[in-house]
Amino acid sequence: MTDPTPTPKPRPVRLLIVDDDPLVRAGLTLMLGGADDIDIVGEGADGSEAAELVDRLRPDVVLMDIRMPVMDGLTATEALRSRPDAPEIVVLTTFHADEQVLRAIRAGAAGFVLKDTPPAQIVDSVRRVAAGDPVLSPAVTRQLMARAAGSGQEERAGRAERARQRIALLADREREVAVAVGHGRSNAEIAAALYLSVATVKTQVSRILAKFDFNNRVQIALLVHDAGLLDGDGDGDADTGLS
């Protein structure tokens, strides 16, 4: 009896690092380069280099610094995420609840990591984002939403109206699932609460993402928050389910 054909080893995650500090780039390369399943394909020193590097190196994930002198990471993130073949992007920051992080998430970044995050967690973040799992802790997500709520009254009103118009495009079940995502429910928790299968919940989430051209569940959570669908139910401290 012959042995079964061995399962092929998954292709390593192709990672591009963009940061204006050469010491930070060297440190990230050192910590990430030791992972067998991550291949650092290149480095950039400014956001203005990102588009050309992505075209040439075809990374799966870009680790992008927010603050750079010529083109900041936010502008670069918005430009890259507008492309049909966009890589996933994780922004690097020194702030837990910077308004710039909120802008990055709205632009389609898959999350962020702090520069003082332990090396093992940064490696895990790259893996998770490559697998389609956003990397924002529950506490950080609540802070980001609070920051969004703290903007000017006219800005909040305009954003709320736009969010309500978009929510109106959802079918009833999609809306229920979207609100549950906003409260941080996992797929299994949503399935139990709405008497659905986990597979059905996954399908509903995928439909919502596609309908709004979103990239991850964080953007769904921000949308239902902006629409005021998370207010007044005493559930504001629910786990976001993003860990």
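Below: a short report on this structure. (Residues numbered from 1 in each chain as written. Predicted model: local features only at pLDDT ≥ 70, side-chain atom pairs only at ≥ 80, totals over all residues. Heavy atoms only, no water.)

Looking at the pattern of salt bridges
- In total, this model carries 15 salt bridges according to the counting rule given.
- The closest approach of N and O atoms between E52 and R56, which form a salt bridge, is 2.9 Å. One end of the pair is E52 and the other is R56, both in helix α2 (residues 50–57) and four residues apart, which spans about a single turn.
- For E52, a relative accessible area of 42% puts it in the partly exposed group.
- Across the salt bridge formed by D65 and K115, the nearest N and O atoms sit 3.2 Å from each other. Of this pair, D65 sits in strand β3 (residues 61–65) while K115 sits in the loop between β5 (111–114) and α5 (119–130), and the two are 50 residues apart along the sequence. (Salt bridge = Lys/Arg side-chain N within 4 Å of Asp/Glu carboxyl O. Helix = DSSP H or I, 4+ residues; strand = E, 2+ residues; numbered from the N terminus. Buried < 20%, exposed > 50% of the residue type's maximum accessible area, 1.4 Å probe, protein only.)

Quick notes on unusual backbone geometry
- At R58, a position not held by glycine, the phi torsion is positive, near 50°.
- With relative accessibility at 42%, the residue R58 sits in the partly exposed group.
- One non-glycine residue with positive phi stands out, namely D213, at about 55°.
- Summarising the element assignment, D213 is placed in the loop between α10 (198–211) and α11 (217–226).

Things to note about the sheet that holds β5
- Taken in spatial order, the five strands make up an open sheet running β2-β1-β3-β4-β5, and their pairing is parallel. Of all the strands in the sheet, just β2 (38–44) and β5 have a single pairing partner and so form its edges. Adjacent strand axes in the sheet meet at a mean angle of 25°, parallel and antiparallel pairs treated alike.
- Of the strand pairs in this sheet, strand β1 (residues 13–18) and β2 are connected by six bridges, and their pairing is parallel. Across the sheet, the residue bridging to L15 is I40, located in β2. (Pairing = 2+ DSSP bridges. Axes fitted to C-alpha atoms, helices over the stretch in contact; angles between N-to-C directions.)

Brief notes about α5
- Between its first and last C-alpha atoms α5 spans 17 Å; for twelve residues at 1.5 Å apiece the expected length is 16 Å, and the two agree.
- Along α5, the positions that sit buried rather than exposed are I122, V123, S125, V126, R128 and V129.
- Check the buried side of α5 and you find it contacts β1, α1 (22–33), β2, β3, β4 (88–93) and β5.
- Looking one or two residues past α5, G132 carries a phi angle of roughly 90°, positive in sign. (Expected span 1.5 Å × (residues − 1). Contact = heavy atoms within 4.5 Å.)

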